[in-house]
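Remarks on the overall topology
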Amino acid sequence: MILKFLLIVIIITVIYIMFFKPKPATQKRRKNNKKRETENPEINDMTECATCGVYVEIQEAILSNGKYYCSRECLKEAK
Ligand SMILES: [Zn+2]
């Protein structure tokens, strides 16, 4: 009886490992992919302001007529 019980426990644990272990593994892979995706924008490209020459992150810079400006004031000066 004890051997049967142990066998059932082993089978349950094996099934449990087979069904539940791969899920966190794929989640980790997805998290790694997300990290890789987010790491790239973190390495922000810097661009020079067309008016004052200050280097600004492209995401924060104001794009106007194909030129980047650090602030609205520089954009107004350019116009
Ligand atoms: Zn500027």
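The structure this text deals with has already been given above.
Rules behind the numbers
Along each chain, numbering runs from 1 in the same order as the chain's sequence is written. Owing to the predicted nature of the model, reporting of local features is limited to residues with pLDDT of at least 70; listing and counting of side-chain atom pairs is limited to 80 or more, with chain, interface and lining totals taken over all residues. Side-chain figures throughout are based on the complete set of non-hydrogen atoms in the structure, without hydrogens or water. Numbered from the N terminus, helices here are DSSP runs of H or I no shorter than four residues, and strands are runs of E no shorter than two. Any residue under 20% of the maximum accessible area for its type is buried, any over 50% is exposed, and the rest in between are partly exposed; the area is computed with a 1.4 Å probe on protein chains only. The contact rule is simple, with two residues in contact once any of their heavy atoms fall within 4.5 Å. Working definition of accessibility: Shrake-Rupley area with a 1.4 Å probe, residue cover restricted to the visible protein chains. Donor atoms: N, O and S within 2.8 Å of the metal, or within 3.2 Å for Na, K and Ca. Because water is excluded, sites can look incomplete. Each label reflects the angles at the metal, where four donors whose angles all fall between 85 and 135 degrees are tetrahedral, four or six donors whose opposite pairs open beyond 155 degrees and whose other angles stay between 65 and 115 are square planar or octahedral respectively, and the rest are irregular. For our purposes a nonpolar core is just a set of buried Ala, Val, Leu, Ile, Met, Phe, Trp, Tyr and Cys residues, chained together by side-chain atoms within 4.5 Å.

1. Here we look at the overall build of the protein chain
Of regular secondary structure, the protein chain possesses three helices and four strands. Counting from the amino terminus, the protein chain carries its helices and strands in the arrangement α-α-β-β-β-β-α. When the 79 residues of the protein chain are sorted by exposure, 10% land in the buried category. Residue pairs at least 24 apart in sequence account for 7% of intrachain contacts in the protein chain once pairs closer than 6 positions are excluded. With the model as given, the accessible surface of the protein chain reaches about 7400 Å², and the carbon-plus-sulfur share is 59%.

2. Thoughts on the coordination of the zinc ion
Surrounding the zinc ion are the protein donor atoms C49 (SG), C52 (SG), C70 (SG) and C74 (SG), which sit 2.2 to 2.3 Å from the metal. Considering all four donor atoms around the zinc ion, the spread of angles at the metal, 103 to 114°, places the coordination shape in the tetrahedral class. Given a relative accessible area of 7%, C74 falls into the buried group.

3. A closer look at the side chain of S64
Mapped onto the elements, S64 comes out in strand β3 (residues 62-64). Sequence-distant contacts of S64, that is, excluding residues within four places in its chain, are made with Y69 and L75.

4. Focus on unusual backbone geometry
The phi dihedral of N65 is positive, around 55°, even though this residue is not glycine. When its relative accessible area of 76% is taken as the criterion, N65 is described as exposed.

5. Some points on the environment of K67
In this structure, K67 sits in strand β4 (residues 67-69). For K67, the contacting residues outside a window of four places in its chain are A50 and I62.

6. Observations concerning the side chain of T47
On the secondary structure map, T47 appears in strand β1 (residues 46-48). Classification of T47 as buried rests on a relative accessible area of 13%. Apart from the residues within four sequence positions on either side, T47 is in contact with V54, Y55, V56, I58, A61 and Y68.

7. Topic: the nonpolar core
Residues C49, V56, A61, Y69, C74 and L75 constitute the largest nonpolar core, which totals six residues. Setting aside chain neighbours within four positions, we find C49 in contact with V54, V56, Y68, Y69, C70 and C74.

8. What about the environment of I62?
With respect to the helices and strands, the residue I62 is situated in strand β3. Along the backbone, I62 and C74 are 12 residues apart, and their C-alpha atoms lie at a distance of 9.4 Å.

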